[in-house]
Amino acid sequence: MSIVTATDLKNYVYCPMTIYYRNVLCLEERVTEAMTEGAQVDRDEILNFLHLTLKPLEVVRKPYLISRRFLVSGVPDFVLKLRRSWSPLDVKDSYGERRDHRAQVLLYSFLLEESGKSVKQGLIYYVRGKKLFKVPYGEEERREVLLLLTGLRRVLKGELPRVRQPVRKCINCGFFNYCKPKLEGVAYVR
Ligand code: SF4
């Protein structure tokens, strides 16, 4: 079994078909405007903001986290040591809460926990919305991560996922040209 990453899991939660196209069919992903904008975030400015609000005891920038037991890895933007626990923190250039971002941060929490650290929550800072979003992490979320990883590995092995996505999501997807979802409010792929 090969190592899967937090980005794989994020993409899987965004749409499992993206994993199928990228990893199984090896299709090239179109770079969308949204992806380019995401690369322009000033993380130093955000770090200053976080020092003022969360007052971390220690900040680790872009640590490589890996679980050899579960063959999963990830690189969060930051890991913060807080008073009684540790938290991964990811910075996103968007307005607010998204399921795929949450899954990615849950996986970072999982990886930190696997490395022996106490984790109670992950954090996402949404630059455009100027909002800090908390992602609680506990036993239930750990089970959720394991379940998602099982689904992700199934697709990586070649299982064609069943997907129903809103077209507004598909428009910003790098695989839109291959998928050609119907413009009917939902795209149904099988
Ligand atoms: S175009 Fe839509 S259905 Fe196709 S891979 Fe992208 S998000 Fe999924």
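From a predicted model like this one, the values you see are computed outputs, not experimental measurements.

1. So, the overall build of the chain
Across its full length, the chain carries 8 helices and 10 strands. Buried positions account for 45% of the 190 residues belonging to the chain. Taking all contacts inside the chain whose residues are at least 6 apart in sequence as the whole, residues at least 24 apart take part in 65%. Counting every atom, the chain has about 10,800 Å² of accessible surface; 50% of that belongs to carbon and sulfur.

2. A look at the environment of Tyr126
Mapped onto the fold, Tyr126 is located in strand β7 (residues 121–126). Looking at Tyr126, the relative accessible area reads 1%, which means it is buried.

3. Description of the site of the ligand
Around the ligand there are 10 residues in total, and Cys15, Met17, Cys170, Cys173 and Cys179 lie nearest to it. Elements with a minimum of two residues in the shell around the ligand: α2 (16–24) and α8 (176–179). Here the shell around the ligand takes 3 residues from α2, the largest share from any one element. Among the residues making up the shell around the ligand, the classes are represented as 8 nonpolar, 2 polar and no charged.

4. A short note on the nonpolar core
Within soluble globular proteins, side chains that are nonpolar tend to cluster in buried spots. The biggest cluster of nonpolar side chains holds 37 residues, and the ones touching the most others in it are Leu9, Tyr12, Leu107, Leu149 and Leu152. Per-element accounting of this core gives the leading share, 8 residues, to helix α5 (residues 99–114). In this view, Leu107 contacts Thr5, Ala6, Leu9, Val72, Ser73, Val145 and Leu149; residues no more than four positions away in its chain are not counted. Core analysis: the second largest hydrophobic core is formed by 10 residues, Ile46, Leu80, Leu123 and Tyr125 among them.

5. A closer look at the pattern of salt bridges
Following the criterion strictly, the structure yields 9 salt bridges and no others. Here Arg102 ties to Glu144 by a salt bridge, and the two come within 2.8 Å at their closest N and O atoms. Of this pair, Arg102 sits in helix α5 while Glu144 sits in helix α6 (residues 139–156); the two residues are 42 residues apart in sequence, bridging distant segments of the chain. Among the salt bridges present, the one from Arg142 reaches Glu113, with a minimum N-O distance of 2.7 Å. Here Arg142, found in helix α6, pairs with Glu113, found in helix α5; they are 29 residues apart in sequence, far enough to count as distant. The exposure class assigned to Arg142 is buried, which follows from its relative accessible area of 15%.

Rules and cut-offs
Residues numbered from 1 in each chain as written. Predicted model: local features only at pLDDT ≥ 70, side-chain atom pairs only at ≥ 80, totals over all residues. Heavy atoms only, no water. Helix = DSSP H or I, 4+ residues; strand = E, 2+ residues; numbered from the N terminus. Buried < 20%, exposed > 50% of the residue type's maximum accessible area, 1.4 Å probe, protein only. Contact = heavy atoms within 4.5 Å. Areas by Shrake-Rupley, 256 points an atom, 1.4 Å probe, with all protein chains shown as cover. Near = heavy atom within 4 Å. Nonpolar A, V, L, I, M, F, W, Y, C, P; charged D, E, K, R; others polar. Core = buried A, V, L, I, M, F, W, Y, C linked by side-chain atoms within 4.5 Å. Salt bridge = Lys/Arg side-chain N within 4 Å of Asp/Glu carboxyl O.

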